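Secondary and tertiary structure notes
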Amino acid sequence: MAPDRPLLFEPLTLRGLTVRNRAWVPPMCQYSVETRDGVPNTYHLVHYGSLAIGGFGLIIAEASGVQPVGRITPFDLGLWDDAQVPAWARIADFVHAHGAALGAQLGHAGFKASTNQWWPGVLEGVVPATQGGWEPVGPQDDTLTALDGSTVPVHGLDEDGIVQVIADFADAARRADAAGLDTVEIHGAHGYLLHEFYSPLTNHRTDRWGGDAEGRSRLILEVARAVREAFPADKPVLIRLTCSDWHPEGFAPEDSVELAKRLKQIGVDAIDASSGGLPGADITVGPGYQVPFAERIRREADLPTVAVGLIDDPAQAEQILAEGRADAIDLGRAALRDTNWPLRAAHELGLPNDQAPWAPQRFRGAWRH
């Protein structure tokens, strides 16, 4: 590292992937597939392309269903069909041409699937079948109330269903590779299917997929193993974890450390350390409130981590890295507010313009003082 060069702009290597800096974009759902077939469109090209031009290192695209019923909304991206690959490849080519790396978050929403677009002014709730929704799945049978007042059943996955989910995560990883993506992130957080299985708040099964911590964590470990085997050995696999349910009877930070150790043995390369996502959470929110989760896993599980959660100031991000609390920084809301955040951060942290991730087409806008 050059003297006084900000750590935020040092490259980070995971397996065969070297990311140009440590200012990363986490998955943030856009709910913009109006065709409802999971295929990325021009909006996604512009959205993710603008973040690449803006200087971010790694851009992880929004949660993408490994099954049609695994989408959060009917408007989500997908990687369950080979027909989706060419559109993903178009985005990957553009992102790479502007110096950034691209990943996809492989997800299954479980019983939080088939909801409406989470947009201002849009009525929140479960979309009924009459409006293009479907019956979700989860750890066990349950019921939900749809927007039209009808009752929607949640089907508890049987053995065959669980095996199919694992296979579909692996197949989605193969499609991500075929599209030229640099990494995949398994979505194991925020109350979606994999989290629903490892949290004691939502998994009440008594078979080998439930019960104690070993049984509850079996699904996420099997998915991680399948994805790692399906994805090229020189490309990293990341996992986003809910490191705390923020509930006295829920999944706790010490549990996340033990799970991270198991994931490391499988070959997972980094943990994207988030939290929450289930009812009953009592969360104390503030700047960098989830950083302690990344720090603890990094220290106790000896695994690279990504810090996320109300990190928006360049000096704050730099301090987290300088103190060894994480290896990279996810800028979520900050990236939505300012797609050029890394360029402003480089200026504020004193990085010379010729070392900042300026696209040549935009260099005329570089600060001159």
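As a reminder, the structure under discussion sits directly above these lines.
As a convention, each chain's residues are numbered from 1 in the sequence order in which they are written. Reporting in this predicted model follows two pLDDT cut-offs: at least 70 for local features of residues, and 80 or more for side-chain atom pairs to be given and counted; totals over whole chains, interfaces and linings ignore these cut-offs and use all residues. Values shown for side chains rest on all heavy atoms present in the structure; no hydrogens or waters enter the calculation.

**Points about the overall build of the chain**
For the record, the criterion: Only runs of H or I of at least four residues qualify as helices and only runs of E of at least two qualify as strands under DSSP, and these elements are numbered from the N terminus. C-alpha atoms define the radius of gyration in this analysis, and the globule rule sets the expected value at 2.2 Å times the number of residues to the power 0.38. Partly exposed describes any residue whose relative accessible area lies between the buried limit of under 20% and the exposed limit of over 50%, with all areas from a 1.4 Å probe on protein chains only and scaled to the type maximum. Residue contacts follow a heavy-atom distance rule, with two residues in contact if any of their heavy atoms lie within 4.5 Å. In this description, accessible areas are obtained by the Shrake-Rupley approach with a 1.4 Å probe, and a residue is regarded as covered only by the protein chains that are shown. We score Asp and Glu as negative and Lys and Arg as positive, and we do not count His or the chain ends. The atoms used to mark charge sites are NZ of Lys, CZ of Arg, CG of Asp and CD of Glu.
Regarding its fold elements, the chain presents eleven helices and 14 strands. Taken against the 2.2 N^0.38 rule, which gives 21 Å for 369 residues, the C-alpha radius of gyration of the chain at 20 Å falls within 12% of a compact globule. Overall, the C-alpha framework of the chain stretches about 60 × 45 × 40 Å when taken along its three principal axes. Residue burial in the chain is summarised as follows: out of 369 residues, 59% are buried. The long-range fraction of contacts in the chain, counting pairs at least 24 apart against all pairs at least 6 apart in sequence, stands at 67%. Carbon and sulfur atoms provide 51% of the accessible area of the chain, an area that totals close to 14,600 Å². Measuring between centres, the 31 positive side-chain charges of the chain sit 5 Å from its 49 negative side-chain charges.

**Looking at helix 9 (residues 314–322)**
Note the following rule: Pairs of N or O atoms are called polar contacts if they sit within 3.5 Å, as long as, within protein, a hydrogen donor faces a hydrogen acceptor (for residues adjacent in sequence, only side-chain-to-side-chain pairs).
Within helix 9, burial applies to Pro314, Gln316, Ala317, Glu318, Ile320 and Leu321. Structurally, helix 9 contributes buried residues whose contacts are with helix 8 (291–300), strand 13 (305–307), strand 14 (328–330) and helix 11 (341–348). Of the residues that open helix 9, the one with a side-chain oxygen 3.1 Å from the backbone nitrogen of alanine 315 is aspartate 313. Glycine 324 sits one or two positions beyond helix 9 and adopts a positive phi of about 70 degrees.

**Topic: the sheet that holds strand 9 (residues 151–156)**
To be explicit about the condition: One bridge is not enough; two strands pair if DSSP finds at least two bridges between them.
Pairing is mixed across the open sheet formed by three strands, whose spatial order is 7-9-8. The outermost strands of the open sheet, each flanked by one partner alone, are strand 7 (137–138) and strand 8 (142–145). As defined by bridge partners, strand 7 adjoins strand 9 across two bridges and the pair is classed as parallel. Pairing of glycine 138 across the sheet is with glycine 156, part of strand 9.

**Brief notes about the packing of helix 6 (residues 218–230) against helix 7 (residues 253–266)**
To be explicit about the condition: For helices, the fitted line uses only the C-alpha atoms of the stretch in contact; every axis is such a line through C-alpha atoms, and the angle between N-to-C directions lies from 0 to 180 degrees. If an angle is under 35 degrees, it is roughly parallel; if it is over 145, roughly antiparallel; if it lies from 65 to 115, roughly perpendicular; otherwise it is oblique. By convention the crossing between two helices is left-handed if the near helix lies anticlockwise of the far one by an angle smaller than a right angle, and right-handed if it lies clockwise. Residue type decides the class: Asp, Glu, Lys and Arg count as charged, Ala, Val, Leu, Ile, Met, Phe, Trp, Tyr, Cys and Pro as nonpolar, and the leftover types, Gly among them, as polar.
Two elements in contact, helix 6 and helix 7, have axes whose closest approach is 9 Å; the angle formed by their N-to-C orientations is 25 degrees. When the axis of helix 6 is compared with that of helix 7, the two are roughly parallel. Of the two elements, helix 6 crosses helix 7, and the hand of that crossing is right-handed. Counting all contacts with helix 6, which are made through Ile220, Leu221, Ala224, Arg225 and Arg228, the residues of helix 7 involved are Leu259, Arg262, Leu263 and Ile266. The class makeup of the residues in the contact of helix 6 with helix 7 is six nonpolar, no polar and three charged.

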